[in-house]
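Secondary and tertiary structure notes
The residues making up each chain are set out below.
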Amino acid sequence: MSVLVLTLAVSAACCLGFGFVLQQNAARQAPLSDFLSPRLLLDLMRVPRWLGGIALMVAGMVLGAIALGRGEISLVEPLLATNLLFALALSRRQTRQPLGRQGWAGLALLAGGVTAFIVAGEPRGGSAVTDPFRHWLIIGAMIGLALLLTTYAKRSRLSAGPVLLALAAGLLYGVQDALTRVSGQRFSEGGLAELLTGWQPYGVLALGITGLVLVQSAFETAPLRMSLPALTAAQPLAGILCGVGFLGDRLRTDTGALAWEAAGLAAIVTGIVLLGLHPAMPSGAGAARRKRDLQPS
């Protein structure tokens, strides 16, 4: 593994984790009438804390894009999932909650799962699939599933809605990471002219804005512990699927390696859930008030 890719990916995770906490702190105060509306972003743009969170998120995305340009997506995505560790670190500072057994167990599972997946899978580059049908099949499945989750989230609002929205955003961000890598390759091969003549950079922008609306709506309606684990778990899984599915990433496929890779991914998801549900995560004190606001008088 390149030390540079490792440094870039972990730095990106740090910026993303801190940024998510700041965004949720601000978004939970937004009016529920902005739920799943672009107006939510316009309202939040007036909040300095949210702008700081967005600045950190953008910095994380830039660092992540550079890492994706220098390493395989199947390598970078598990490292980006460690953003939850940094989110928990900032949340602990705000809430003064100790890690306890749950925190240490989640930390060990997340770190161990990332290590196991990378060591067992040995992600490496290969030839990207040229068949456009395969590209659109995988991308369409991810976007279609995200749309389905969003539709159900509209109906459930304050119950399962935030989790479903976070899952949908994670799927979109995973596809966005894949298209970011393709965009970087196009830029390296032909410069700005080659980049702008492809559809991928515009797809990156559209997915980024859509994912942002979904994430902020999830942050607005529930505590961070309900939304961030789903977001953090879905993104690397979608990114790895795109990387192996059509970007040419290669993983070891012998029986032992596949078993360790599956165990690593399971440990990552379990660790994410344990950390995300940790009492140190912001509780979203305004959620109960907003729930009452939604009830008919």
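Every value quoted in this text rests on a predicted model; they were computed, and no experiment measured them.

Overview of unusual backbone geometry
Although it is not a glycine, Glu-122 sits at a positive phi angle of roughly 45°. Along the chain, Glu-122 falls in the loop between α6 (100-121) and α7 (132-156). Residue classification places Glu-122 among the partly exposed residues on the basis of a relative accessible area of 42%.

Considerations on the packing of aromatic side chains
On inspection of all chains with the given rule, the structure shows three aromatic pairs. Aromatic side chains Phe-20 and Phe-219 sit 6.2 Å apart centroid to centroid with 75° between the ring planes, which places their arrangement in the edge-to-face category. Taken together, the residues span a long stretch of sequence, with Phe-20 in helix α1 (residues 3-27) and Phe-219 in helix α9 (residues 200-221) at a distance of 199 residues. Note on Trp-136 and Trp-199: the rings are 4.7 Å apart at their centroids and 25° apart in plane angle, and the pair reads as stacked. A residue pair is termed long-range when its members are at least 10 positions apart, and Trp-136 in helix α7 and Trp-199 in the loop between α8 (161-196) and α9 qualify at 63 residues. Overall, Trp-199 belongs to the partly exposed group, its relative accessible area being 36%.

A few points about α1
Here α1 contains 25 residues, and its C-alpha end-to-end distance of 36 Å stays within 8% of the 36 Å for a straight helix at 1.5 Å per residue. Of the residues flanking the start of α1, the one acting as N-cap is Ser-2, its side-chain oxygen 3.2 Å from the backbone nitrogen of Leu-4.

Looking at the confidence of the model for the chain
Model confidence for the chain is summarised by a mean pLDDT of 85, while 93% of its residues fall at 70 or above. Ranking the elements of the chain by mean pLDDT puts helix α12 (residues 287-294) last, at 45, and helix α3 (residues 48-70) first, at 92.

Quick look at the pattern of salt bridges
Taken as a whole and assessed by the stated rule, the structure comprises five salt bridges. Between Glu-122 and Arg-252 there is a salt bridge whose closest N-O contact spans 3.7 Å. Residue Glu-122 is located in the loop between α6 and α7, and its partner Arg-252 is located in the loop between α10 (224-245) and α11 (255-276); the two are separated by 130 residues in the primary sequence. A single network of salt bridges, built from pairs that share partners, joins Glu-122, Arg-252 and Asp-254.

Observations concerning the environment of Leu-195
With respect to the helices and strands, Leu-195 occurs in helix α8. Sequence separation between Leu-195 and Gly-184 is eleven residues, and the spatial gap between their C-alpha atoms is 7.9 Å. Residues within four places of Leu-195 in sequence aside, it is in contact with Ser-183, Arg-186, Phe-187 and Pro-201.

Rules used in this analysis
- Residues numbered from 1 in each chain as written.
- Predicted model: local features only at pLDDT ≥ 70, side-chain atom pairs only at ≥ 80, totals over all residues.
- Heavy atoms only, no water.
- Helix = DSSP H or I, 4+ residues; strand = E, 2+ residues; numbered from the N terminus.
- Buried < 20%, exposed > 50% of the residue type's maximum accessible area, 1.4 Å probe, protein only.
- Phe/Tyr/Trp six-rings, centres within 6.5 Å; stacked < 30°, edge-to-face > 60°.
- Expected span 1.5 Å × (residues − 1).
- Polar contact = N/O pair within 3.5 Å; in protein donor to acceptor, adjacent residues only side chain to side chain.
- pLDDT = per-residue confidence, 0-100.
- Salt bridge = Lys/Arg side-chain N within 4 Å of Asp/Glu carboxyl O.
- Contact = heavy atoms within 4.5 Å.

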